[in-house]
Amino acid sequence: MSRVIALCFLLLAAVIGFLHIDSRPPWASFASNVAAPVEEELITPALPKSKNQTAPSKVSIADPISTWLPETGAASVHAASLIALKDGTLRSFWFAGSREGAADVVINSAVFDPKSANWSAPTIVIDRVSAEKGLARYIAKLGNPVPARMADGRLQLFFVTVSIGGWAGSSISSIVSDDEGLTWSNPQRLISSPLMNLSTLVKSPSITFADGRLGLPAYHEWIGRFGEFLRIDAQQVIDKRRMSSGRSAIQPLVFVNDTQDATAYFRQTRSAGQLKQVPVSQTQNAGESWQAGADLPIANPNSAVTGLLLNSGARILVLNNIETGRYRLVLMMADAKSGQWETIEVLEDDEALPEDQRKEFSYPYLMSLDGNDAHVVYTWDRKKIRHRSFSGAWLKRAQSQLGTAPTEINSQEAK
Amino acid sequence: MNNLIQTFALVEMSITCAVIITLLLQKTSPQEFPGIAKGMLILLLSNLFFWPLGLGMELPLSAYVRGVIGDLSIVTTLLLWLSLFSGSKPTPLAFKFAVACISIAFYPLALGFGMFDPYAWGYGSNLFFIGVLLFATVCGLANWSKGVWIIAIAILAWAAHWHESANLWDYLLDPFLAIWTVIALFRALYSKRRDKARSGYLFRPG
């Protein structure tokens with residue numbers, strides 16, 4: 001008799017389970033993000049007002065602007081990211097503390113006004129104690145903030161927390177803001193791994209599906225080192241797909257080619273003796289399955305890659321295009337037609353310095369305010385975060401010169 | 001909703017910690033604890049784990065445990081809690097064998113061995129769900145009704161989003177259940193061999 005009752009209860013659970021599965025959203029195609037190219041702007045940029053900015057100007061096309069993110073007094077800063085706000089400004093997030101992984105690390109934020117070329121005063125978005133209280137579990141350290149825009153227009157900030165061990169023990173959590181980043185909700189944990197939810201990290205911007213949900217490129221770096229594509233509904237993972245396997249590729253960066261087709265570029269983590277190039281994966285069904293492709297023939301020294309698809313169809317990348325070290329950081333561009341990558345600007349280069357004096361330029365993150373311009377932030381010697389911005393006109397001119405001035409535009413392909 | 005999930009998870013973890021300590025005390029005691037004593041002990045220990053104690057700690061004790069091991073699956077939690085009742089039927093070896101085999105295949109694949117990821121099935125695969133139902137039905141047919149109840153409750157908890165995870169695997173299996181079943185399997189094989197050796201079959205006349 002008890003067996004019959006148990007099986008009846010199982011039947012009830014089965015019905016509810018099937019209804020639950022049926023209520024889950026089907027896998028959607030990628031949102032089309034191709035916008036109409038705008039006319040070339042020929043304007044003079046706003047002159048910088050703060051002391052730590054330099055902005056050489058030209059009469060016709062705005063030269064790149066360089067600023068520094070506001071200092072918080074922290075000895076170590078890292079992993080800056082950006083998102084465009086509704087009022088046309090840009091919000092940056094980064095983590096800062098006495099050292100990477102220290103208990104005093106907090107996630108900071110500041111807003112950049114492109115009209116005045118000024119950064120606001122930094123604020124603390126979340127610290128370790130508020131994270132652990134909100135998540136109701138012990139948290140040892142914070143890292144890697146990555147903002148996203150939710151379907152309902154709210155800001156969402158993904159970040160990494162570690163309870164025990166190093167970064168390999170990370171999990172992703174997220175907080176939400178109704179007021180463009182002034183205040184934030186309690187954090188919520190994303191569950192993405194069956195082994196105590198260990199070792200899922202985030203670094204690159206999310207992409208949007210046609211149904212408004214987010215696709216978050218994440219990665220695992222403990223037993224394996226591989227990319228994962230998380231499908232996010234509000235603050236929970238509702239599906240995920242593997243983007244690569246083995247121990248050779250992390251921090252996927254996704255370029256959406258059309259509603260079904262996308263390409264992911266990775267930071268390579270291969271062992272000695274293997275090619276130090278940018279690993280590639282591709283999907284042709286909106287991220288439901290991924291296949292490894294041929295490497296992008298650009299050198300990568302096991303460092304993060306960031307990229308952006310412009311309205312003009314051009315793609316840009318910022319990365320360390322060297323096989324060892326992180327002392328050179330370049331901006332590269334590929335035309336939609338040719339697909340050939342060329343360096344259009346060297347952002348940092350300490351190659352001329354002795355090895356022990358070279359600084360580290362790493363963790364770049366690109367974002368556009370209008371689809372034509374580009375803003376990049378990156379770690380400058382772990383002490384500061386540098387911001388460089390390129391106007392739409394400047395990038396358009398660089399695009400028009402692709403392949404035409406080989407003596408000026410150096411190809412930095414890996415040997 | 002998130003606050004409720006966090007509170008329930010802390011309550012669950014506090015009770016689980018209390019149950020484990022009670023079971024360990026029971027193991028070391030020569031006498032079986034009476035039910036009332038077990039109940040009082042669990043009530044006391046659960047409260048000790050659930051409420052913030054201060055003493056320089058920012059969180060309750062269960063939050064530290066949860067920070068390290070995450071949320072246990074519903075199957076593990078219920079097996080642990082039910083093991084307190086002395087009259088309950090022991091978990092069948094066949095169940096342990098099946099879970100051990102599944103775990104041995106599942107974890108390497110889910111943790112990055114190749115491009116195939118069975119963990120993704122848990123987000124809403126009909127075939128996987130049918131497989132779970134079949135597994136539970138077999139438990140019932142093998143006269144282990146407790147297993148049917150546990151799996152059915154795990155399914156309901158998943159559908160109700162009881163934990164933070166939206167993945168059915170997280171309600172059915174966790175590394176501790178996997179380790180327990182693998183160890184139990186090896187112990188069963190070892191004791192079978194030992195019993196066979198003790199039976200003296202080696203010295204019987206042919």
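Residues numbered from 1 in each chain as written. Chains lettered and ligands numbered in written order. Predicted model: local features only at pLDDT ≥ 70, side-chain atom pairs only at ≥ 80, totals over all residues.

**Considerations on helix α2 (residues 35-50) of chain B**
Residue and element names in this part refer to chain B.
In step 1: Taking 1.5 Å of rise per residue, 16 residues should cover 22 Å, and α2 covers 22 Å from first to last C-alpha, within 8% of that figure.
In step 2: All of the buried residues along α2 are K38, L45, S46 and F49. Seen from one end, α2 has its buried residues packed into an arc of 105 degrees, which puts them on one side. Away from its buried face, by an angle of more than 90 degrees, α2 presents the exposed residues I36, M40, L43, L44 and N47.
In step 3: Where α2 is buried, its residues touch α1 (2-28) and α3 (61-69). (Helix = DSSP H or I, 4+ residues; strand = E, 2+ residues; numbered from the N terminus. Expected span 1.5 Å × (residues − 1). Buried ≥ 20, exposed ≤ 12 C-beta atoms within 10 Å, placed from the backbone. Arc of directions from axis to C-beta. Contact = placed C-beta atoms within 7 Å.)

**As for the sheet that holds strand β10 (residues 188-190) of chain A**
Residue and element names in this part refer to chain A.
In step 1: Spatially, β7-β8-β9-β10 is the arrangement adopted by the four strands of the open sheet, whose pairing is antiparallel. Two strands close off the open sheet at either side, each with one partner strand: β7 (141-149) and β10. The average undirected angle you get between the axes of adjacent strands in this sheet is 30 degrees.
In step 2: Pairing of strand β8 (residues 155-162) with strand β9 (residues 170-177) involves eight bridges; the strand directions are antiparallel. Residue pairing across strands places V160 opposite I172, the latter belonging to β9. (Pairing = 2+ DSSP bridges. Axes fitted to C-alpha atoms, helices over the stretch in contact; angles between N-to-C directions.)

**Some thoughts on the interface of chain A and chain B**
In step 1: With 41 residues of chain A at the contact, the number on the chain B side is 45 residues.
In step 2: Going through the elements one at a time, α1 (2-22), α2 (128-135), β10 and β15 (236-242) of chain A are the ones with two or more residues in the side of chain A that touches chain B.
In step 3: A per-class count over the side of chain A that touches chain B returns 21 nonpolar, 11 polar and nine charged. (Nonpolar A, V, L, I, M, F, W, Y, C, P; charged D, E, K, R; others polar.)

**What to know about unusual backbone geometry**
In step 1: Even without glycine at this site, A:N144 takes up a positive phi of about 40 degrees.
In step 2: The residue A:N144 is located in strand β7 in this model.
In step 3: Its 24 C-beta neighbours within 10 Å are what place A:N144 among the buried residues.
In step 4: One non-glycine residue, B:H161, lies in the positive phi region at around 55 degrees.
In step 5: With respect to the helices, strands and loops of the structure, B:H161 is situated in the loop between α7 (145-159) and α8 (169-172).

**Re α1(B)**
All names here are of chain B.
In step 1: The end-to-end C-alpha distance of α1, which contains 27 residues, comes to 39 Å, matching closely the 39 Å that a straight helix rising 1.5 Å per residue would cover.
In step 2: Every buried residue belonging to α1 is among Q6, A9, L10, E12, M13, S14, I15, T16, C17, A18, V19 and T22, and all of these are buried.
In step 3: On its buried face, α1 is in contact with α2, α3 and α4 (74-82).

**Observations regarding the packing of α1(B) against α2(B)**
Residues and elements named next belong to chain B.
In step 1: Direction vectors running N to C along α1 and α2 enclose 130 degrees, while the axes themselves pass 8 Å from each other. Comparing their axes, α2 and α1 come out oblique. The element α1 and its partner α2 pack so that their crossing is right-handed. Between α1, through L10, V11, S14, I15, C17, A18, V19, I21 and T22, and α2, the contact on the second element is made entirely by K38, L41, I42, L45, S46, F49 and F50. (Parallel < 35°, antiparallel > 145°, perpendicular 65-115°, else oblique. Left-handed = near helix turned anticlockwise from the far one by under 90°.)

**Describing the pairing of β8(A)**
On any regular strand, side chains alternate: one points to one face of the sheet, the next to the other face.
All names here are of chain A.
In step 1: Along β8, eight of the eight residues are buried, which leaves the element largely enclosed by surrounding structure.
In step 2: Two elements, β7 and β8, share seven bridges in a ladder whose sense is antiparallel. From the neighbouring strand, A148 faces β8, where its bridge partner is Q156.

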